[in-house]
Amino acid sequence: SAVPVRYVGPVRPEEVVEMLAGYDLMLLPTAGENYGHAIVDSLMAGTPVLVSDRTPWRNLEAAMAGMDLPLEDRQSWLDWIRRFAAMPQDELDRWRSGARAYVEEALSPERDKELLARALVQAMNGGLPNGLNRGLETAH
């Protein structure tokens, strides 16, 4: 069965959270994220996320905030998309509440520092494009 998808194009930064709040699910099948600002924006909007397991945003299902899945598991991606497309409003509302609660907990000052530190370590250990990390290693 078909699931409706709509591409909206560019959105001004100050309108992103409000725009995401109008959707039932945000998909980000990314090969990797150090932080994932789009994920945070979606969770803040109360829109559950379906992301790869290659982001720092994990254990989403337990919090009813979304799902983090291996990119290679296409069937699980399809199953979750279909599940959200058919979800009754009361259940979707519980997932929306879970998304907001998850990000509020995750963005506590201590957790935010931990995620930022992890992102910086990854960048220093080869996470920057075009060898920029070599310049950082010799700069001190």
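The structure displayed is predicted, hence computed values, not measured ones.

Enquirer: I would appreciate a short explanation of the overall build of the protein chain in the present structure.
Expert: A tally of regular secondary structure across the protein chain gives six helices and three strands. A total of 140 residues make up the protein chain; the buried ones form 34% of that total. In the form shown here, the protein chain has an accessible surface area of approximately 8800 Å², with 55% of it arising from carbon and sulfur atoms.

Enquirer: Which parts of the structure should I look at to understand helix α2 (residues 37–44)?
Expert: Residues of α2 that are buried include every one of I39, V40, S42 and L43, and no others. Viewed along the axis of α2, the buried residues span an arc of 165°, placing them on a single side of the element. Where the residues of α2 are buried, they touch α1 (16–20), β1 (26–28), β2 (49–52) and α4 (89–106).

Enquirer: Even after reading the chapter, I still don't get the environment of V40, so can you show me in this structure?
Expert: Looking at where V40 falls in the secondary structure, it is placed in helix α2. Separated by 23 residues in sequence, V40 and V17 place their C-alpha atoms 9.2 Å apart. In contact with V40, not counting residues within four places along its chain, are Y35, W57, V103 and L107.

Enquirer: Any chance you could explain the pattern of salt bridges here in plain terms?
Expert: A side chain with one charge can pair with a side chain of the opposite charge if their charged atoms come near. Evaluation of the coordinates by the stated rule reveals seven salt bridges. Two residues, E72 and R54, come together in a salt bridge whose shortest N-O distance is 2.4 Å. With a gap of 18 residues between them, E72 in the loop between β3 (66–69) and α3 (74–85) and R54 in the loop between β2 and β3 connect regions that are remote in the sequence. For D90, the salt bridge identified is with R94, shortest N-O distance 3.8 Å. With D90 and R94 both in helix α4 and four residues apart, the pair spans about one turn of that helix. For R94, a relative accessible area of 45% translates into the label partly exposed.

Cut-off values and rules
- Residues numbered from 1 in each chain as written.
- Predicted model: local features only at pLDDT ≥ 70, side-chain atom pairs only at ≥ 80, totals over all residues.
- Heavy atoms only, no water.
- Helix = DSSP H or I, 4+ residues; strand = E, 2+ residues; numbered from the N terminus.
- Buried < 20%, exposed > 50% of the residue type's maximum accessible area, 1.4 Å probe, protein only.
- Areas by Shrake-Rupley, 256 points an atom, 1.4 Å probe, with all protein chains shown as cover.
- Arc of directions from axis to C-beta.
- Contact = heavy atoms within 4.5 Å.
- Salt bridge = Lys/Arg side-chain N within 4 Å of Asp/Glu carboxyl O.

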